[in-house]
2 protein chains.
Amino acid sequence: MTTQQILEAARTAKSALALASGETRQQALLGMADALCDPEQIREILAANAQDMEAAKGHITNVMLDRLALTPERIHAMAQGIREVAALPDPVGRVLDRVERPNGLVIEKTAVPMGVIAIIYESRPNVTSDAAALALKSGNACILRCGKEAWRSANAIVAALRQGIRTSGLPETAVCLIEDTTHASANALMTAVGYVDLLIPRGGAGLIRACVENAKVPCIQTGTGICHIFVDDTADQDKALNIIENAKASRPSVCNAEEVCLVHAAIAPEFLPRLAQRLGADRAARGLQPVELRLDPAAATLIPGTPAGPRDFDTEFLDYILAVRVVDSVEEAVRHIAAHSTGHSEAILTQTPAHADLFTAAVDSAAVYVNCSTRFTDGGEFGLGCEMGISTQKLHARGPMGLAELCSYKYIIQGSGQIR
Amino acid sequence: MTTQQILEAARTAKSALALASGETRQQALLGMADALCDPEQIREILAANAQDMEAAKGHITNVMLDRLALTPERIHAMAQGIREVAALPDPVGRVLDRVERPNGLVIEKTAVPMGVIAIIYESRPNVTSDAAALALKSGNACILRCGKEAWRSANAIVAALRQGIRTSGLPETAVCLIEDTTHASANALMTAVGYVDLLIPRGGAGLIRACVENAKVPCIQTGTGICHIFVDDTADQDKALNIIENAKASRPSVCNAEEVCLVHAAIAPEFLPRLAQRLGADRAARGLQPVELRLDPAAATLIPGTPAGPRDFDTEFLDYILAVRVVDSVEEAVRHIAAHSTGHSEAILTQTPAHADLFTAAVDSAAVYVNCSTRFTDGGEFGLGCEMGISTQKLHARGPMGLAELCSYKYIIQGSGQIR
């Protein structure tokens, strides 16, 4: 189907979904999970994935190739993920607020699906089933647009999911995959006013920027995280070393990993050598990859390391690299963060409550932590049960987006002849 | 100041506001109200308004001229409006959700200001003080950009408001007025990424469309309302006549006025003549302006009236004009609304509960009414105490926007050394 035909099919499915009960959506989700476990579907998906892998070899990195690869276990894990989403409470139809007015009108603010959610993503096939499950659970039709490396895999997965959807009586076009993997289809989604109710780009900074620049449909920015940790003069330094190593090095490729460490000048002469030791020689001795430090001039007088270049405090390294700066106060830390953060996650490590309060009030980010790792910014860790991405914008959704954030609301008003 | 200087000044004020207590913001609001009642400020505002009126005469309609005109009473009413906003509960700092995780993290989802809100509006000077009050109450700096007809008045009002703000110790740049009234400044606001956290256009369809087309900052569409009322076969016809006259003719120039009436075919032969009588001869007999009916072919066989033209079911008349169509069922009414509505407000008049349920579930609008007038879509009528406009989009805010809708949230997480 052409992209335009898919837009129309999804809009039609949205009308059916608006009227579907939670039980019907549930049946569709369980059907999707079952279909993914159907041996014939697994064979089809693995065959398609083998073609994707073959075509991608030599064109993408080994890390990307590993993300692309599917196995029967990974496919079963995708099905399990769908069952976990199915088990969450239904977000649709919840009465968020209710008021009975003096004139007798009963006004209920009621959660409703967004309608059609379009998701642009790159080469991880499991996003296909995750996104479809979250969309359907929240009553939305979804249009998936994946990178060309993963297209055959995604297409086979969507074929299985649709087999499952059909068992519920819902239209299979509740889950659509865009066939065109060129820029043209991404642009078509960004400008599909009247068809796409919410666009969620999941991917690199370039994709996010393109959406912000070009989208004429409502769009949520996700993901880019230049996360800061500020070590205050009263910080518990042992805990600080644990937290920073965790935030930086437990999984450097993710958006909630620390990229910048700010250290209070009063403790920098003591703390920075310990930090360099912990992230450098200590890690090497434990057989772990050491972290390269990029130092501002003040830090460079205290420990060895690479001098920070002009972009190092504005870069999402996603690697074993940490920019380090010495600051004179919590206020200077807040100012640095205001100038350089992407609004994702920041932490203060301190035993001074007034500093913690100032930091949490003044830092304008989705998640602001006191005395723990930034790595907790995650739907599962926040108790949402799932996640469609992490919003770094302030409109509608901020931080991990769960099912509630995939809903809008409408006011339903019951009257008995009232006029104004 | 240039527009760029104003953007920077507002961003600086936003940082001060993020740390200001509710008491300080309250003091600023009461200071603003007092300053508007200061006789010297009233003289300045009336003098500026007289210049605006003089310059506008002959260039804008009499209705617009009346909206532009200020009197001491109208200025005192603006001050009273500010005091009413001040008396509302503080929306900032509310804990919207709180969870204690098994690992001991305490996660609080906390309401915070958006930051800088830009409002583009036309020639009503009272919007200047209303918008400033709502923004400040919700902890936001605001950048106001009014039409050139009202600029001198707005400038004098902002000077008074700033006199009031200074008494609180907050920066007076918490309320800024753009000096340039050309398209250039509107475009600058639409593209002020990093400066404007939320853009709210309040005005005609052209302004709204320009913002949707061009805005690169988060934007909320307000206002356009092609509102439908569907008269079902079981409707109480006496109540229906009251409701339709109220929805259409009590104030035709507002966005929650009815523009289209859909009538079930089973009652059309009885109901349409009564409707024509009620909106036509009856109104004339009462000395009121009759409503012109624009009829689809089926309605035209039953009553006299103007045949509907090709655009009449897609026009926000804002006038004593009502488009009328006969439909065969509630499903056909829903389909018509899906194809023609702007998503503002729609009503079903029926005594069949199943039809009411189908209508409220299937109609994808901000407010969906059963057996009452669409005119109730209003912040005051919904019990919000105030209103910054009526959103017709689904992201973030839908329907009347009160103080809660001018806030975002952030997650504040208290830990004791947790790592992941």
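See the structure above.
Residues numbered from 1 in each chain as written. Chains lettered and ligands numbered in written order. Predicted model: local features only at pLDDT ≥ 70, side-chain atom pairs only at ≥ 80, totals over all residues. Heavy atoms only, no water.

What to know about the pattern of salt bridges
At step 1: Evaluation of the coordinates by the stated rule reveals 50 salt bridges over all chains.
At step 2: The partner of R74 of chain B in a salt bridge is D66 of chain B, with the nearest N and O atoms 3.6 Å apart.
At step 3: Taking relative accessible area as the criterion, R74 of chain B reaches 35% and is therefore assigned partly exposed.
At step 4: The exposure class of D66 of chain B is partly exposed, given its relative accessible area of 43%.
At step 5: Within the structure, one salt-bridge network assembled from shared partners comprises K14 and D197 of chain A together with D364, K394 and R398 of chain B. (Salt bridge = Lys/Arg side-chain N within 4 Å of Asp/Glu carboxyl O. Buried < 20%, exposed > 50% of the residue type's maximum accessible area, 1.4 Å probe, protein only.)

Here we look at the sheet that holds strand β10 (residues 306-307) of chain B
At step 1: Pairing in this open sheet of 10 strands is mixed, and the strands run β1(A)-β2(A)-β16(A)-β13(B)-β12(B)-β7(B)-β8(B)-β11(B)-β9(B)-β10(B) from one edge to the other. Since the sheet does not close on itself, it has two edges, and those belong to β1 (95-100) of chain A together with β10 of chain B, each with one partner.
At step 2: Here strand β9 (residues 292-295) of chain B runs beside β10 of chain B; their pairing, made up of 2 bridges, is parallel. Among the inter-strand pairings, R294 of chain B is bridged to a residue of β10 of chain B, identified as T306 of chain B.
At step 3: Against the sheet, helix α11 (residues 268-285) of chain B touches β7 (227-231), β8 (258-264), β9 and β11 (321-327) of chain B, its axis set at about 150 degrees to β8 of chain B. (Pairing = 2+ DSSP bridges. Helix = DSSP H or I, 4+ residues; strand = E, 2+ residues; numbered from the N terminus. Contact = heavy atoms within 4.5 Å. Axes fitted to C-alpha atoms, helices over the stretch in contact; angles between N-to-C directions.)

Some details on the packing of helix α3 (residues 39-56) of chain A against helix α5 (residues 72-86) of chain A
Residues and elements named next belong to chain A.
At step 1: In contact at an axis separation of 10 Å, α3 and α5 are set at 120 degrees when each is read in the N-to-C sense. One finds that α3 runs oblique with respect to α5. Read as a crossing pair, α3 and α5 show a hand that is right-handed. Between α3, through I42, I45 and L46, and α5, the contact on the second element is made entirely by P72, I75 and H76.
At step 2: A breakdown of the residues in the contact of α3 with α5 according to their chemical character gives 5 nonpolar, 1 polar and no charged. (Parallel < 35°, antiparallel > 145°, perpendicular 65-115°, else oblique. Left-handed = near helix turned anticlockwise from the far one by under 90°. Nonpolar A, V, L, I, M, F, W, Y, C, P; charged D, E, K, R; others polar.)

Brief notes about the pairing of strand β2 (residues 106-113) of chain B
Residue and element names in this part refer to chain B.
At step 1: Most of β2 sits out of view: 7 of its 8 residues are buried.
At step 2: Note: strand β1 (residues 95-100) against β2, 5 bridges, orientation antiparallel. Across the sheet, V99 pairs through a bridge with I107, a residue of β2.
At step 3: If you look at the hairpin formed by β1 and β2, you'll find 5 residues sitting between the two strands, and G104 has a positive phi there, around 95 degrees.
At step 4: Where β2 lies against strand β16 (residues 407-418), 8 bridges are found, and the strand directions are antiparallel. Bridge pairing in β16 places K109 opposite Y411.

Side note on the packing of aromatic side chains
All names here are of chain B.
At step 1: For the coordinates displayed, the defined rule picks out 5 aromatic pairs over all chains.
At step 2: Each ring, one from Y409 and one from Y411, has its centre 5.7 Å from the other, and the planes form 85 degrees; the classification is edge-to-face.
At step 3: Its relative accessible area of 8% is what places Y409 among the buried residues.
At step 4: Classification of Y411 by relative accessible area gives buried; the value is 5%.
At step 5: Cation over ring: K109 sits above Y409, and NZ or CZ is 4.4 Å from the ring centre. (Phe/Tyr/Trp six-rings, centres within 6.5 Å; stacked < 30°, edge-to-face > 60°. Lys NZ or Arg CZ within 6 Å of the ring centre and 35° of its normal.)

Structural notes on the sheet that holds strand β10 (residues 306-307) of chain A
At step 1: An order of β10(A)-β9(A)-β11(A)-β8(A)-β7(A)-β12(A)-β13(A)-β16(B)-β2(B)-β1(B) is seen for the 10 strands of this open sheet, with the pairing classed as mixed. Across the chains shown, the open sheet's two edge strands, defined by having one partner strand only, are β10 of chain A together with β1 of chain B.
At step 2: Both strand β8 (residues 258-264) of chain A and strand β11 (residues 321-327) of chain A contribute to a ladder of 5 bridges, which runs parallel. If you follow H264 of chain A over to β11 of chain A, its bridge partner there is V327 of chain A.
At step 3: Relative to strand β7 (residues 227-231) of chain A, helix α13 (residues 330-340) of chain A is tilted by about 170 degrees, and along the sheet it contacts β7, β8, β11 and β12 (345-349) of chain A.

Quick notes on the relation of the copies chain A and chain B
The two chain copies are connected by a rotation around an axis plus a translation along it.
At step 1: If you rotate chain A by 180 degrees and push it 0.0 Å along the axis, it lands on chain B with an RMSD of 0.1 Å. The two molecules are tied by a two-fold rotation axis, judged by turn and shift. Taking C-alpha positions as reference, the residue of chain A nearest the rotation axis is H396 of chain A, located at 1.8 Å.
At step 2: Same-surface contact between copies: 100% of interface residues of chain A are shared with the interface of chain B. (Least-squares fit on C-alpha atoms with pLDDT ≥ 70 in both.)

So, to be careful, I would describe these as geometric facts and stop short of saying anything about function.
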